[in-house]
Amino acid sequence: MKRSKTQVGIVGAGPAGLLLAHLLHLHGIESVQVENRSRNYCERRIRAGVLEHGTAELLAETGVGERMKREGLIHHGIYLRFRRKSHHINFPELTGGKSITVYGQHEVVKDLIAARLAAGGRILFGVEDVTVEGMKGKAPSLRFRHAGEEQVISCDFIAGCDGFHGVCRPSIPANELRVYEEVYPFGWLGILARVAPSSDELIYSRHERGFALLSMRSPQVSRLYLQCSPEEDLARWPDGRIWQELQERFATEEKWKLKEGPITQKGVTAMRGFVVEPMQYGRLFLLGDAAHIVPPTGAKGLNLAVADVRVFARALDAFYTHGKTELLERYSEICLRRVWKAERFSNWMTRTLHLGGGDEYAERIHEAELDYVTGSRAAMAALAENYVGLPFEEV
Ligand code: FAD
Ligand code: DHB
């Protein structure tokens, strides 16, 4: 059995865990990170693609935004398409100059891993059987197996950055947590295709056959999604059927055409809203998907994880530099204010744009929402403000 010590033990090397390790390093705080997958797997996992204004700024300000600035695509708006017409929402005009960056989550992960390793950071990939112990005491520990060897790391704090299916949240006694959850009757079938994006900006399309979204990863790669059942069987979706369905759902009166190309990846994602309160238990803190999930419409998941990390890193800095525990005590309360606003926004985007989540009355309300949001500057500004990301709270 190998025993060691660190200041912060981090479970998970997704965006939350990696960014936390990076920010702590900048504050001079030591961490060890354990991840049950391989580095290669983490760097290839295709997920989110939209960075809020503040997320992109934070990455750039902390020295991990160089490639993002070079290769990321700055977007100044999105299109909402319904009744076969597109309506542009102009972000800079509505938000005092803010925009979003389209840059794949796996690219952020690659950049963060490279920065950590270059700084001599310790990330143990491929660990097994991680458990967390002693969270209510002053020295919680991480226990796991790595390269066949049992290890215990004694920590001052543990950061649960291990996603929705991780071990940290379930290791908190159930009666200490309150769970809020909404399971949506929709899923997304997502594809990556080797074809130039058919639009300069994202298109969110509501159509009587269901929702569809056009996004991208680069000038050569398109990312597209279509609403499906949460249990959709991918085997029933040969490439030809996917393109045909996308063509129908993006159909427009305008002079516009959806370009097709070879599909290089496909997958189905179910949708849920999920929040656990509080996001801390003794010296274990939950960050990102370990504490909350949003339905994907509106691209808030990754950005919320970044916002949690920002608060937690500052709270730890206040603790180690000035011996102050106040921010650590208020961590959950501060994060949850943003989390619930993102849940609200994602719920609204999802319900408004998808088909079949309610009765006909609800469908009419959703159409009215779209009429309103594209016809009223005030409503448009509210959408834009949320999409580019609400300002970070001062901490
Ligand atoms: P994760 O990225 O899940 O990272 C958790 C890490 O912990 C992983 O590397 C995992 O391997 C590791 N881990 C798990 N269990 C253990 C364990 N027991 N021991 C050690 N390590 C462990 N958001 C959007 O905004 N737009 C999208 O299109 C979108 N698509 C998504 C598609 C899928 C299939 C999923 C699951 C999520 C998607 N999201 C999307 C959400 C977004 O990707 C997440 O919000 C984001 O990844 C959160 O980052 P995280 O670091 O908190 O969690
Ligand atoms: C992407 C994902 C989203 O959930 C979204 O709302 C916009 C874009 C994407 O993967 O590119």
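Residues numbered from 1 in each chain as written. Chains lettered and ligands numbered in written order. Predicted model: local features only at pLDDT ≥ 70, side-chain atom pairs only at ≥ 80, totals over all residues. Heavy atoms only, no water.

Trainee: Hey, could you go over the site of ligand 2 for me, with residue numbers and the actual values?
Mentor: In the region of ligand 2, 15 residues are neighbours, and Y204, S215, R217, Y225 and P296 sit closest. At 2.6 Å from an oxygen atom of ligand 2 is found a main-chain nitrogen or oxygen belonging to P296. Relative to its free-state accessible area of 290 Å², ligand 2 is covered by the protein chains to the extent of 97%. The element best represented in the shell around ligand 2 is strand β16 (residues 212-218), accounting for three residues. (Near = heavy atom within 4 Å. Polar contact = N/O pair within 3.5 Å; in protein donor to acceptor, adjacent residues only side chain to side chain. Areas by Shrake-Rupley, 256 points an atom, 1.4 Å probe, with all protein chains shown as cover. Helix = DSSP H or I, 4+ residues; strand = E, 2+ residues; numbered from the N terminus.)

Trainee: So, the sheet that holds strand β9 (residues 122-124): which residues are in play, and what are the values?
Mentor: Reading across the sheet, the six strands line up as β9-β3-β2-β13-β20-β19 and stay open at both edges, with mixed pairing between neighbours. In the strand order of this sheet, the two ends are held by β9 and β19 (280-281), each with one partner. Bridge count for strand β2 (residues 8-11) against strand β13 (residues 157-160) is four bridges, and the pairing is parallel. Bridge pairing in β13 places V8 opposite F157. (Pairing = 2+ DSSP bridges.)

Trainee: Lay out the site of ligand 1 with the relevant residues and their values.
Mentor: As a structural note, the neighbourhood of ligand 1 is formed by 27 residues, with E35, R45, R47, Q105 and D289 the closest of them. Residue R47 places a side-chain N or O atom 2.9 Å away from an oxygen atom belonging to ligand 1. With respect to ligand 1, the side chain of Y225 contributes an N or O atom lying 3.2 Å from an oxygen atom. Compared with its free state, where it exposes 990 Å², ligand 1 has 84% of that area covered by protein. Elements that contribute at least two residues to the shell around ligand 1 include exactly α1 (15-26) and α8 (301-322). A breakdown of the residues in the shell around ligand 1 according to their chemical character gives twelve nonpolar, eight polar and seven charged. (Nonpolar A, V, L, I, M, F, W, Y, C, P; charged D, E, K, R; others polar.)

Trainee: Residue-level account of empty space enclosed by the protein, with values.
Mentor: Considering all chains together, one arrives at two cavities of 30 Å³ or more under this definition. Forming the boundary of the largest cavity are E52, K300, L304, R338, K341, A342, F345, N386 and L390. Among the elements that take part in the lining of the largest cavity, helix α10 (residues 331-353) stands out by supplying four residues, more than any other. Tallied by class, the residues present in the lining of the largest cavity amount to four nonpolar, one polar and four charged. Size it by volume and the second largest cavity reaches roughly 30 Å³. Around the second largest cavity, the lining residues are P15, L19, L51, T55, L59, V108, L112, L302 and V306. At the level of elements, α1, α3 (53-61), α6 (105-118) and α8 are the ones that each hand at least two residues to the lining of the second largest cavity. Tallied by class, the residues present in the lining of the second largest cavity amount to eight nonpolar, one polar and no charged. (1 Å grid on protein atoms, 1.4 Å probe; cavity = no way out; pocket = protein on both sides within 12 Å on 5 of 7 lines; lining within 4 Å. Points joined across faces, edges and corners; volume = space filled by probe spheres on them.)

Trainee: Describe unusual backbone geometry, listing the residues and the values that go with them.
Mentor: In this chain, E277 is followed by P278 through a cis amide linkage whose omega measures -10°. Take P278: it is sitting in the loop between β18 (263-277) and β19. Of note, the phi angle at R83 is positive, near 45°, even though the residue is not glycine. Within the secondary structure layout, R83 lies in the loop between β6 (77-82) and β7 (85-90). A relative accessible area of 48% places R83 in the partly exposed class. (Buried < 20%, exposed > 50% of the residue type's maximum accessible area, 1.4 Å probe, protein only.)

Trainee: Quick rundown of the packing of α1 against α6? Include the residues and the values.
Mentor: The geometry of α1 relative to α6 is characterised by a closest axis approach of 9 Å and an angle of 35° between their N-to-C directions. The handedness of the crossing between α1 and α6 comes out as left-handed. Here α1 contributes P15, L18, L19, A21, H22 and H25 to the contact with α6, which in turn contributes Q105, V109, L112, I113, A115 and R116. Along the lines of polarity and charge, the residues of the contact of α1 with α6 split into eight nonpolar, three polar and one charged. (Axes fitted to C-alpha atoms, helices over the stretch in contact; angles between N-to-C directions. Left-handed = near helix turned anticlockwise from the far one by under 90°. Contact = heavy atoms within 4.5 Å.)

Trainee: Give me the lowdown on the packing of aromatic side chains, citing residues and values where you can.
Mentor: For the structure on display, the rule yields 17 aromatic pairs. When the ring of Y180 is compared with that of W340, the centres are 5.5 Å apart and the planes differ by 90°; the resulting orientation is edge-to-face. With a gap of 160 residues between them, Y180 in strand β14 (residues 178-193) and W340 in helix α10 connect regions that are remote in the sequence. Y180 sits in the partly exposed class, given a relative accessible area of 27%. Between R37 and the ring centre of Y41, over which it is positioned, the NZ or CZ distance is 4.2 Å. Note that K300 overlies the ring of Y387, its terminal NZ or CZ placed 5.6 Å from the centroid. (Phe/Tyr/Trp six-rings, centres within 6.5 Å; stacked < 30°, edge-to-face > 60°. Lys NZ or Arg CZ within 6 Å of the ring centre and 35° of its normal.)

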